[in-house]
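Observations on the three-dimensional arrangement
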Amino acid sequence: GHEWVEVEGVIFDLKHFIGGSQIPHGRYTAVARDMLWNMVWSNDGRQPDSDVILRAHVHYHRILGEYKKLGMILPALQGYGSKFGVRRCSGTVDIGFIHFDAEGGKYSWEPHIVESQLLRIEPKRPS
């Protein structure tokens, strides 16, 4: 469900599901909300004060950060061609993964996003 994992002094707040948005500028809202809730709950001592908040499920990749906190919606491992992608995806789909390196309470990350002609959908033409 919802886990907090400490790796080399970096606290990761992990949850698969996050709400999505059908408008481009709304795709940051859900992770911004979870970042704010983590600040509120950690201030009350009810959650660890997370350094990195990771969410997924919505098939797009977004990054939101501030001085001591990073929020990220992870890219999809499936796209339009999967049975879920066809039913669920609206708007752009980002396919790939992110890797993190953590050491001594600091972290870095690198995106690996698929850029391929295979992700382009062409219209069907009548024969």
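Placed above this text is the structure.
Since this is a predicted model, take the numbers as computed values, not measurements.

Phi is mostly negative for residues that are not glycine, and the peptide bonds are mostly trans. Phi is positive for His 57, which is not a glycine, with a value near 85 degrees. Along the chain, His 57 turns up in the loop between β3 (52-55) and β4 (62-66). Of note, His 59 is a non-glycine position whose phi angle comes to about 70 degrees, a positive value. If you trace the backbone, His 59 turns up in the loop between β3 and β4. A residue is classified by how much of its surface remains accessible, and His 59, at 15% relative accessible area, is buried.

The next thing to look at is the side chain of Ser 42. Residue position: Ser 42 is located in helix α1 (residues 29-43). Polar side-chain contacts of Ser 42 include one of 3.2 Å to the backbone oxygen of Met 39. Excluding its chain neighbours within four sequence positions, the residues that come into contact with Ser 42 are Gln 47, Pro 48 and Asp 49.

The two faces of β3 match: Val 52 and Leu 54 on one face and Ile 53 and Arg 55 on the other face are all buried. Direction of pairing for strand β2 (residues 10-15) relative to β3: parallel, over a ladder of three bridges. Note on β3: the bridge partner recorded for Phe 12 is Val 52. Examined bridge by bridge, β3 and strand β5 (residues 69-73) share four bridges and lie parallel to one another. Across the sheet, Arg 55 pairs through a bridge with Ile 73, a residue of β5.

Attention shifts here to the packing of aromatic side chains. For the structure shown, the criterion picks out two aromatic pairs. Pairing Phe 12 with Phe 100 gives two aromatic rings, centres 5.3 Å apart and planes at 85 degrees, and the pair type is edge-to-face. Separated by 88 residues along the polypeptide, Phe 12 in strand β2 and Phe 100 in strand β6 (residues 96-103) bring together distant segments of the chain. Each residue in the set Phe 12, Phe 100 and Tyr 107 is aromatic and connected to the rest through ring pairs, giving one cluster. The ring of Trp 41 has Arg 46 lying over it, and the distance from NZ or CZ to the ring centre is 4.6 Å.

One finds Val 10, Phe 12, Val 52, Leu 54, Leu 70, Met 72 and Ile 98 forming the largest nonpolar core, which totals seven residues. At the level of elements, β2, β3 and β5 are the ones that each hand at least two residues to this core. Apart from residues lying up to four places away in sequence, Ile 98 is in contact with His 61, Met 72, Leu 74, Pro 75, Trp 109, Glu 110 and Pro 111. Counting residues in hydrophobic clusters, the runner-up holds six residues, among them Ile 18, Ala 30, Val 31 and Val 58.

Classification of Phe 12 as buried rests on a relative accessible area of 8%. Spatially, the C-alpha atoms of Phe 12 and Pro 48 are 9.2 Å apart, while their sequence positions differ by 36 residues. Apart from residues no more than four positions distant in its own chain, Phe 12 is found in contact with Glu 3, Trp 4, Val 5, Val 7, Val 52, Leu 54 and Phe 100.

Procedures and definitions
- Within any chain, residue numbers begin from 1 and follow the written order of that chain's sequence.
- Only residues with pLDDT of 70 or above have their local features reported here, since the model is predicted, and side-chain atom pairs are shown and tallied only from 80 upward, although totals for entire chains, interfaces and linings are computed over all residues.
- As a rule here, side-chain values come from all non-hydrogen atoms in the structure, and water together with hydrogens is ignored.
- A helix here means a DSSP run of H or I that spans at least four residues, while a strand means a run of E at least two residues long, and both kinds are numbered starting from the N terminus.
- Exposed residues in this analysis have more than 50% of their type's maximum accessible area, buried residues have under 20%, and partly exposed residues fall in between, with area computed by a 1.4 Å probe over protein chains only.
- Two N or O atoms form a polar contact when they lie within 3.5 Å of each other; inside protein one atom must be a possible hydrogen donor and the other a possible acceptor, and for residues adjacent in sequence the pair counts only when both atoms belong to side chains.
- Contacts are assigned to residue pairs with any non-hydrogen atoms lying within 4.5 Å of each other.
- Strand pairing is defined by DSSP finding a minimum of two bridges between the two strands.
- Stacked, edge-to-face and tilted labels apply to pairs of Phe, Tyr and Trp rings (six-membered ring for Trp) whose centres lie within 6.5 Å, assigned for plane angles under 30 degrees, over 60, and everything in between, in that order.
- Criterion for a charge above a ring: Lys NZ or Arg CZ within 6 Å of the ring centre, and within 35 degrees of the ring normal.
- For our purposes a nonpolar core is just a set of buried Ala, Val, Leu, Ile, Met, Phe, Trp, Tyr and Cys residues, chained together by side-chain atoms within 4.5 Å.

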